[in-house]
Amino acid sequence: MIKSSVWHPNTQMKEWDSFDEIIQAKGMWLIDSAGNKMLDGVSSMWCNVWGHSKKELVNAIVKQSKKLQHSSMFNLTNKPAELLAKKLVEISPGMNKVFYSDNGSSSMEIALKIALQYQNNIGEKQKSKIATLENGYHGDTFGAMSVGYVPQFFGKFKKQLFSTIQIPVPNKYRVPKGFTYPDYQNFCLDKIEQQFSKDNKIAAFIMESGAQVAGGVVIYPKGFQKKISQICKQYNVLFVLDEIATGFGRLGSMVQYTEQKSIPDIVSYGKMLTGGYLTMAATLTNKKIYDSFLGNFNEWKHLFHGHTYTGNPIAASVALENLKLYQKNNLIKKIKNTSKIFEKYYDIISKLDLVGDIRHKGMLMGIELVTDKKKKTPIHPKKSINKIFFEEGKKHGIYLRTLGNIVMLVPPLAISENDLKLLLNRTVQTIKSAKKQVI
Ligand SMILES: Cc1ncc(COP(=O)(O)O)c(C=O)c1O
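Residues numbered from 1 in each chain as written. Predicted model: local features only at pLDDT ≥ 70, side-chain atom pairs only at ≥ 80, totals over all residues. Heavy atoms only, no water.

K.L.:
Whenever I open this one, helix H2 (residues 55-67) confuses me. Can you help?
P.N.:
Because an α-helix completes one turn every 3.6 residues, residues spaced three or four positions apart along the sequence face the same direction. If you check H2, its first and last C-alpha atoms are 19 Å apart, about what 13 residues at 1.5 Å a residue would give, namely 18 Å. Taken together, the buried positions of H2 are Leu57, Ala60 and Gln64. Viewed along the axis of H2, the buried residues span an arc of 55°, placing them on a single side of the element. Facing away from the buried side of H2 by over 90 degrees, the exposed positions are Lys55, Lys63 and Lys66. (Helix = DSSP H or I, 4+ residues; strand = E, 2+ residues; numbered from the N terminus. Expected span 1.5 Å × (residues − 1). Buried < 20%, exposed > 50% of the residue type's maximum accessible area, 1.4 Å probe, protein only. Arc of directions from axis to C-beta.)

K.L.:
What's the story with the packing of aromatic side chains in this structure? I'm lost.
P.N.:
Two numbers describe a pair of aromatic rings. These are the distance of the centres and the angle of the planes. Evaluated as defined, the whole model comprises 17 aromatic pairs. An angle of 15° between the planes, with centres 5.4 Å apart, marks the rings of tryptophan 16 and phenylalanine 19 as stacked. With 5.8 Å between their ring centres and 80° between their planes, phenylalanine 153 and phenylalanine 154 make a pair best called edge-to-face. The class of phenylalanine 153 is partly exposed, set by a relative accessible area of 41%. Members of the aromatic cluster, joined through ring pairs, are Trp16, Phe19, Phe390 and Tyr399. For lysine 376, the ring lying beneath its charged end belongs to tyrosine 173, and the centroid distance is 4.4 Å. (Phe/Tyr/Trp six-rings, centres within 6.5 Å; stacked < 30°, edge-to-face > 60°. Lys NZ or Arg CZ within 6 Å of the ring centre and 35° of its normal.)

K.L.:
Even after reading the chapter, I still don't get the layout of surface pockets, so can you show me in this structure?
P.N.:
Empty space among the atoms becomes apparent when a probe as large as a water molecule is rolled across them. Considered as a void within the structure, the second largest pocket measures approximately 790 Å³ in volume. Lining the second largest pocket are 27 residues, with Lys97, Val98, Phe99, Tyr290 and Leu303 sitting closest to its centre. Contributions of two or more residues to the lining of the second largest pocket are made by helix H3 (79-91), strand E4 (97-101), strand E12 (281-285) and helix H10 (287-292). Residue composition of the lining of the second largest pocket, grouped by class: 15 nonpolar, nine polar and three charged. (1 Å grid on protein atoms, 1.4 Å probe; cavity = no way out; pocket = protein on both sides within 12 Å on 5 of 7 lines; lining within 4 Å. Points joined across faces, edges and corners; volume = space filled by probe spheres on them. Nonpolar A, V, L, I, M, F, W, Y, C, P; charged D, E, K, R; others polar.)

K.L.:
Would you take a moment to explain the packing of helix H12 (residues 331-344) against helix H15 (residues 417-438) for this structure?
P.N.:
For any two helices packed against each other, one specifies the crossing angle of their axes together with the interaxial distance. It is the contact of H12 with H15, at a shortest axis distance of 10 Å, that shows an interaxial angle of 25°. Taken together, the axis directions place H12 and H15 in an arrangement best described as roughly parallel. Crossing handedness for the pair H12 and H15: right-handed. Contacts from Asn337, Thr338, Ile341 and Phe342 of H12 reach H15 at Glu417, Leu420, Lys421 and Leu424. Grouping the amino acids of the contact of H12 with H15 by side-chain chemistry returns four nonpolar, two polar and two charged. (Axes fitted to C-alpha atoms, helices over the stretch in contact; angles between N-to-C directions. Parallel < 35°, antiparallel > 145°, perpendicular 65-115°, else oblique. Left-handed = near helix turned anticlockwise from the far one by under 90°. Contact = heavy atoms within 4.5 Å.)

K.L.:
Can you help me understand the domain arrangement of the protein in this one?
P.N.:
Much of the literature gives interface size as the accessible area that the parts lose upon coming together. With domains assigned, the protein is organised as domain 1 (58-328) and domain 2 (332-438). Taken over C-alpha atoms, the centre of domain 1 sits 28 Å from the centre of domain 2. Each side of the interface is counted separately: domain 1 has 20 residues, and domain 2 has 23 residues. For the domain 1 and domain 2 pair, buried surface summed over both sides reaches about 1,800 Å², with 61% attributable to carbon and sulfur atoms. Taken as a group, Tyr173, Val217 and Arg250 account for 41% of the area that domain 1 buries against domain 2, more than any other trio of residues on that side. (Domains from an automatic or database assignment. Buried area = accessible area lost by both parts, 1.4 Å probe.)

Listed below in structure tokens is the structure:
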């Protein structure tokens with residue numbers, strides 16, 4: 001344990017006077033300076049694909065860093081970034097061009113800017129509003145906070161954020177009184193249609209693809225996302241998807257929007273793009289959008305956006321190697337099998353005292369903790385739930401990071417069936433042993 005000089009993310013620093021120092025990681029295991037091992041139950045914030053220290057990925061980084069570490073995309077280009085852009089377009093039906101950034105939040109800022117400027121470029125200047133789903137999350141920068149507004153996190157900046165049109169989202173576990181789940185789905189979809197039909201100023205609809213993750217693992221019902229994409233088309237509203245946490249196999253498909261049969265105009269990838277080794281994100285658009293940015297220089301139609309490290313060749317090289325490994329190891333097929341292990345634990349987990357609901361798809365599981373199963377009252381201990389579960393998890397040799405009252409299981413995608421069983425067994429033990437601290 002060391003006293004940290006770092007201001008840690010999303011952390012009440014008064015609560016954490018010291019931190020475990022991770023000095024090495026191998027496969028699924030994080031190893032601290034005292035030699036303790038923890039199974040990485042959240043794939044180092046939902047991004048690790050193959051486990052740590054994967055030889056092929058490390059070699060790709062070493063090889064590229066000996067040749068070209070970084071050169072600007074301003075006036076120049078580099079081979080790894082070019083090859084990766086081609087690959088990303090290949091795996092993303094309907095997409096045509098790739099704009100690089102360093103993290104998911106930035107890639108969503110870029111998606112927003114592209115969507116708004118597109119409307120401007122084609123002479124639809126009045127189209128300047130953004131519609132979103134309630135409870136969505138798209139990152140921590142100002143545009144991302146505006147479109148993924150979580151009052152508890154971002155309420156202190158409300159005055160500075162731009163307003164959006166928010167549409168309710170169907171959460172099977174918390175359907176409002178008076179509705180059945182299917183009725184509520186239709187109610188949400190009708191709301192979108194009502195909004196779009198009475199307001200011709202909406203530029204784009206932005207949502208996470210397949211499920212809301214940070215919003216508490218809300219998995220969309222079948223056909224929900226497809227229907228939204230159809231309504232967007234009908235009313236000429238751009239359909240923008242965030243696949244940062246849900247794409248690249250997390251929910252069981254390489255590209256989640258193909259499974260959802262809902263081709264977007266713009267999509268963002270991040271997190272698992274580099275296998276979880278280096279920081280890189282990408283915003284892809286279709287040809288219609290890209291073409292609207294073309295013109296004479298003095299028409300000022302080009303996109304005013306660019307980060308210092310955009311298209312970094314080392315990050316692009318490791319992303320390319322990562323994609324190669326997906327194919328070579330048939331990872332998506334493997335995920336479909338490994339994912340079944342989660343299902344085998346539904347019964348055991350749902351019978352635990354604190355567990356109100358389990359939501360699972362692919363390699364993502366959210367376990368919602370309540371004090372009263374009937375009333376569905378979220379647990380609300382004095383100390384942060386995260387700290388309690390982190391410490392209890394550590395005693396059982398697993399690394400956990402909860403989200404509010406939800407225990408998140410988001411392991412590296414290539415985790416073996418045995419390691420996943422270990423994670424699930426230890427999570428059950430952790431929920432049991434944490435009980436006395438949270439009630
Ligand atoms: C759906 C989604 N979008 C955007 C982001 C932001 O990505 P980053 O943390 O890389 O900025 C996240 C991060 O968790 C996310 O889950």
